[in-house]
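Report on the structure
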Amino acid sequence: MEGRLKYGFLANHKELIERLEPVELLPFLIPQSVISFEEKELVQHESTTTLKTDRLLTIVHRRAASDPDVYGRLLGVLKDAEASSGQELGDIVKKIEEDSKREDVRRRFQYTIGVLEEAHNAALRMHEQTIVQGLSVDEIMPELISAGVLSLEEKDRIHGGATENEKARRLVNLLYKRGSYVFELFVGVLLKSDSHRRLGELLRKELPGGSVLSGSRMGSVDQVNREELSDEQYVVEVLKRGHIPPRHGVYVERRKMTEKIRRELYKLKDKDGWVVVHGMAGFGKTVLAAEAVRDAKLLREVFPGGVNWLTVGQMTDKNGEVNTANLLIKIQNITDRLDENRTDRYRPTNLEAATDYLQKVISEQHPRSLLILDDVWSTEVAQAFAVRCRTMVTSRNSLVASSVPTPQVFSVSVSEGFSDDEGRILLAQWLRTTPDKLSSHADVILKYCRGSPMAIALIGAMLRKNAREAKWKAIADKLKQKHAGAIHLHASVNDWNYQHPTLNASIELSAESLRDEHLKEYFEMFVVFDYDTFISAEALETIWGTDALDTEEFMMELVGYSLAQQANPGAISPDYLMFYIHDIVLDYLKDTMPKKKQEELHRKVVQRYSDKCSGAFAHLPNDNYVYQKLLGHVAASGNSELLGDLLSHLQWLISSVLYGNANTILANYRAYKSKVAPQFISSVQQFELFVSGHMYVLANEAKQEDIIQLALLQPDTSEMCRQATAMVSGDRKKSWFKWCNKESDPEKYALKLKLHSGGVHDCQYSRDGSKVLSCSSMGDVKLWDASTGMVLADFKGHKDQVTCCAMSSSDKLVVSSSEDLTVKVWDSQSKRLLSDFTQHRYGVQCCAISPDEKLVLSADIDSCCMIWNVHSRQVLAKWRLSAVSPLVSPVVTSEEPNFSPAGLPTRTSSQESQGSGSSEGMLACAFTPDGKSVVTASQRGTIRRWTLMGQFLCSYLGHSGQVKSCQFNREGTLMATACVGDCTAKVWSVSSCSCEVTLAHTSAVLSCDISPDSTRLITGDTEGFVKVWSIAQGTLLQDLPLHWDFVNCVLFSPSGLHILSAADNGLIKILWSEQGGEEEQHDTVQYHRRFSAHFSKLGDGYVPLILCYNLKEKKLQLVQGHEATPVLLGLPTPEGHTPRSWVLSNHGTLVVVGYEDGLLQVISIERSSSAGEEWVATEKWKKDHAHDWKVLKCYFAPDDSKLITCSLDQHKTWSVKDGRELAVISGRGIGVRLCVFFKDSVKVASAQENGVLIWSSATGVPQLHCRGIIQSNGDSILCVNLSEDNTRVVASATSGMIMVWSTVTGEPVLKSTVLPLSPCARSCALSPDGSLVAAGFDDGSLQIWSVTRGDQVAYWPTGSDYWMIDVAFSPKGDKVVTLCDTIEWWKTDGTHVKTVLLKGTFGKYIKFSPDFCTFVTIDNAGLLYILTTLNE
């Protein structure tokens, strides 16, 4: 009953807040141990009765986490309150007791995560800004808690250091995650509040039963009720917000065609689908699409979420390939416009992620809205926008949506232009007259315009300037002469070519009609612009050399001639007046102007920008053009020196990231690096490697200081570091960090990216190595550019994880197998599904395609193997192996298995009944390179070769356990296999079936591949290591700790220049391959993550002395100084014993080493005065059997007099002086390894199974038990720390709980609330004065609480996918440093200071000097980081 009283108190929280008089109750609460004297002061410190009551109840709820009986004691005080303090609380006491017994009340406070229904989601989105601006969270907080909308911890997060608006926004963000039930509770709370009833009514109107109108903020009209607007006002508001192009001043209604489009749009009312408006260029598809949605009834009934317009354009390069970089920018732009969660903007860095995020934004923020894609040329581009929403597209290609996965596609053909009457009306409008007053030449002109609205508009624009009869006649005659001219246009990816003599002639006539030579010159300069490019007026000022007024006047005149178009205001950038040139006009210019003149115009553009900035291009003001397009002009002008200078200029790179689009930057390096002058080649290569290795940072709104900091971490000898150092020289306002011991070698990553949301299971290079195919546990298969990481194709259709993928020898076919029992074959170009093979009865584990592209081999976990025809899906061979099948010697035979007369292997009835329980289970398969046989590998370690008819040929014997990978060399003479069970990789002779070499690993081997020259083998294991071996010598050439998760795939590129690795965390890395022998290999020193550091005072700073373990030499070493100079290359450790733990003493004179076999050794280290060595090490003492198990941890006392060692089940205390054993503390579990000495070296705090134990270091006698943090049998403590004054101890647990105790009384001072699904609290620390506690969690978040007040003061979700392994306060307590996949510095007031990226994915801990200026860590890639602050 005591535990259930909690729900009674929560349910009546509001009434208690309103009615309690806490000051009168306090004298009665302390004797009943409801609160302490310290907590009484906290209550009295609050300014109002309401705040005092809130503080009192918060204290009680927090205390109840470790003392559930406190509710009963408080209830007793309330029962006696009438007699003792005069408060009448009998009714509320009764209600608390009654509510405590109700199951529905208990369920109310489970705080589960839920999904909002579409109507609720739309209502919340629609009125979010109104809520944020008008809601007083503090006023309704008690009611929110009583209603079960918020938990107490969520209340703290909402309040933590926030303004009123920020509190409201945090509350709204929480509501999105809590589901429809909680949303309705929230609406109910608002309706009960006098001051918030209007907000409640706004939300209730949108719910079923009210005036149901799902929508979004974009489609809504701010805080105005849409029903109050007239239809005309409503249309104007919605179209303006969706950036629909406004009607041109000259407009002719095409009612019949407009209504035809609307009829198709109405079919999208209840179901997602696409409407395709298609027709020839210049026939007015864009105008018709915009006009079709200019209808209030359609908008209100079918698209209440609004309509949103995006002009897409051609999106193809000169080779006809889709420009994925530009396409990505388009998707990012529309997503940025629609995504109104501006507090945490996310910019996806690849096409597939961008598509997925756009889908998320539309579904969550804009339900029942219409996405309009104007001018889409190809099916590939259309597929990129397949986001499961209502979509209308205009295109020249009627089949543009043929490959889009959508429930329904409706087509509207714009096959005709204007009728003669409509054409006459349009001409008359241009001339501001009536059709009957047009010249007699109008009929001839309209005849040759052939109904083209664009051609008629061009003619009308010319005649508006001069409508004399002679002009009419001249135009008519010119059209007759020019009608045979043509402009070559690409209608689609299928190269539908057609001729437009009328448009050709019309454009030429318009150009000739321009009023002066300057305007003609400006028009001709349009030839330098790319297709689908928006040009700002500011850019045109520079390019033309005109002032702002003239530029706008000239452009508007060209717009008047229909030779250019003004972009919809705000559609691209609200800060710029933007224009664009129709691709038909650009085609005309590029086809008719000589190439030499085009090159001259590019040079003029470059010179104009140079004149503007006196050659300092990187400091040009942003005009929304220069940082996106100037490199193209420089390359086209042939200026190789300037091109090299810009590509190797750090400030240009920074400006390009800030004002351009980071996703095109790497493509620019790849496109232009071959065109730079020779003296820039080296530095441009460095910059390219830098960009490729940090794309995931640069593409996610990196700031200038982030990029400078990344550059400072490069080698001192690099041009990038030199420039960055010069930029921060003298800057004392910001913190900058230098990697002091960074090696001079360039970056080795060619690419580092994460394309899949799940683990990557398999990858394969295309034949030329330009593309990579990959598949994941999330059921997706992607084809992407190997140099940029841009997703080229996404193959969707599997319903479970994809286990294997393969490309055909010509790269035309893609094959994928899945746990959904299917194997699918796709066309890699069209992404069309060609075959869906469904004859497997169990999950298919592997697949392969024959060299001639006719056959597919697939095998499942039930050991059923099949060879079948790619196109017909006819099975040519089928066999299954039983776990009891005998191993067959390598002799050609046809004895197993049995075959039917038709040539298909038969399955016996016993085999049929065995199912997967008695089968070997196939895990890998492959065709031999000659295509004449196949190989299968199983869970039992058996590898067999078969004919294409399934006849057994031979076995490869030697593995025990699962064989996960088998790969052939190019010639088919060697085969490599990777085995999980025996932790080996083997290389076999294919013909003799003999093992050529066995390569032993320390962990299970998951993947392997043979280099193109057959000299090297690459393997990936379960510890995240990628190893490169010499096949001939059987020796290890490289040991690369690239991942922190299973390495499921490793590959050599077809050229052998790159190594690809893919892991279970979704990370893919491509490195430059070391091609030479062992003597040529990169000699980077790699260390174990475990290290110890001591800092010695030197002048104004500190010098580190670091004890670390050299992985290659397998020796403990001492390095000193900021450059990590080795001073002791090997400590005198006993031969044949493997170190497990090692620590430097606090004075830097001793080393303790614990070993795997329980041996313990203490070594004395000191500087030597003799020549030849700076330091000497001598053994002080050694204990052969100090522990029965591994010595997992060692700790020196602060005065170095004692030593604690920890094994799996014991702590032992030793005298450092003579090695005497002083005390033994026994315990079990992971927590037993965590200890921390008190400053006096007398006491120790250590983690135990049931909490934290404080005990004597001399005797081992327990002095204090701190309990309450362990909530269940599965919990354990992950971290223990003390405050600087040793008065408080903090611990963090796997449950996510943080708890602080007094080291004097053992009483809890702070206990955090644990919610369902809370991440592990991995690390914790107390500020020096003990007033704050910081904790790092496994979701990468950092949280800080006030120990004295008991509330959360800061919460920072870092956005990392990795654990926050270490956290520490600075000696002054004003900053926090954390270790994750990054090192980050923070101020305790919530300000983020700096981020330094690790090359690996995590470290173990971070150590720093007493002045908080030097920092040391080692990551899982084995790299040692000695970081120092600059300018501080």
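Residues numbered from 1 in each chain as written. Predicted model: local features only at pLDDT ≥ 70, side-chain atom pairs only at ≥ 80, totals over all residues. Heavy atoms only, no water.

**As for the overall build of the chain**
Note the cut-off: Only DSSP runs of H or I covering at least 4 residues are called helices, and only runs of E covering at least 2 are called strands; the numbering of each starts at the N terminus. The cut-offs for exposure are 20% and 50% of the maximum accessible area for each residue type, with area from a 1.4 Å probe on protein chains only; residues under the lower value are buried, those over the upper are exposed, and the others partly exposed. When checking whether two residues touch, look at their non-hydrogen atoms; a contact exists if any pair is within 4.5 Å. The protein chains shown are the only cover counted for residues, whose accessible areas, like all others here, come from Shrake-Rupley with a 1.4 Å probe.
Helix and strand counts for the chain stand at 42 helices and 70 strands. Of all 1432 residues assigned to the chain, the portion counted as buried reaches 60%. The contacts in the chain between residues at least 6 apart in sequence include a share of 58% that link residues at least 24 apart. Summing over all exposed atoms, the chain offers an accessible surface of approximately 56700 Å²; the carbon and sulfur share of this is 48%.

**Re the pattern of salt bridges**
Here is the rule: The salt bridge definition used is simple: a Lys or Arg side-chain nitrogen within 4 Å of an Asp or Glu carboxyl oxygen.
Considering all chains together, one arrives at 42 salt bridges under this definition. In this structure, Arg-424 engages Asp-443 in a salt bridge whose closest nitrogen and oxygen atoms are separated by 2.7 Å. You can see Arg-424 sitting in helix H24 (residues 420–430) and its partner Asp-443 sitting in helix H25 (residues 442–449), a full 19 residues away along the chain. By sharing partners, the salt bridges in this structure join Asp-356, Asp-780, Lys-782, Asp-794 and Lys-796 into a single network.

**Re the packing of helix H4 (residues 37–45) against helix H5 (residues 49–64)**
The criterion, for reference: Axis lines are fitted through C-alpha atoms, for helices just across the contact stretch, and the angle between N-to-C directions can take any value from 0 to 180 degrees. Orientation categories follow fixed angle ranges, with anything under 35 degrees roughly parallel, anything over 145 roughly antiparallel, 65 to 115 roughly perpendicular, and all other angles oblique. Take the far helix as your reference; a near helix turned counterclockwise from it by less than a right angle gives a left-handed crossing, and one turned clockwise gives a right-handed crossing. Amino acids outside the nonpolar list (Ala, Val, Leu, Ile, Met, Phe, Trp, Tyr, Cys, Pro) and the charged list (Asp, Glu, Lys, Arg) are all regarded as polar, and Gly is one of them.
In the contact formed by H4 and H5, the axes pass within 7 Å of each other and the chain directions differ by 150°. Judged by the inter-axis angle, H4 sits roughly antiparallel to H5. Pair H4 / H5 crosses with right-handed handedness. Side by side, H4 and H5 meet where Glu-39, Leu-42, Val-43 and Gln-44 of the first sit next to Lys-52, Arg-55, Leu-56, Ile-59 and Arg-63 of the second. For the contact of H4 with H5, the per-class residue count stands at four nonpolar, one polar and four charged.

**Looking at the confidence of the model for the chain**
What counts, and what does not: The pLDDT value tells you how sure the predictor is about a given residue, anywhere from 0 up to 100.
Confidence in the prediction for the chain averages 83 pLDDT; 88% of positions are at 70 or higher. Below a pLDDT of 50 lies the segment residues 484–499, which in the model reaches 48 contacts outside its immediate sequence neighbourhood of four places, other chains included. Throughout residues 883–918 the model reports pLDDT below 50, and contacts reaching past four residues in sequence, or to other chains, amount to 71 contacts.

**Remarks on the sheet that holds strand S40 (residues 1087–1098)**
Condition: DSSP calls a pair of strands paired once it identifies at least 2 bridges connecting them.
Strand order in the open sheet formed by four strands is S40-S41-S42-S43, with antiparallel pairing between adjacent strands. Of all the strands in the sheet, the pair left with one neighbour each is S40 and strand S43 (1125–1128). Ignoring which end each strand starts from, the neighbouring axes of this sheet average 30° apart. The pairing of strand S41 (residues 1101–1110) with strand S42 (residues 1115–1120) spans six bridges and is antiparallel. What sits directly across from Asn-1110, in S42, is Lys-1115.

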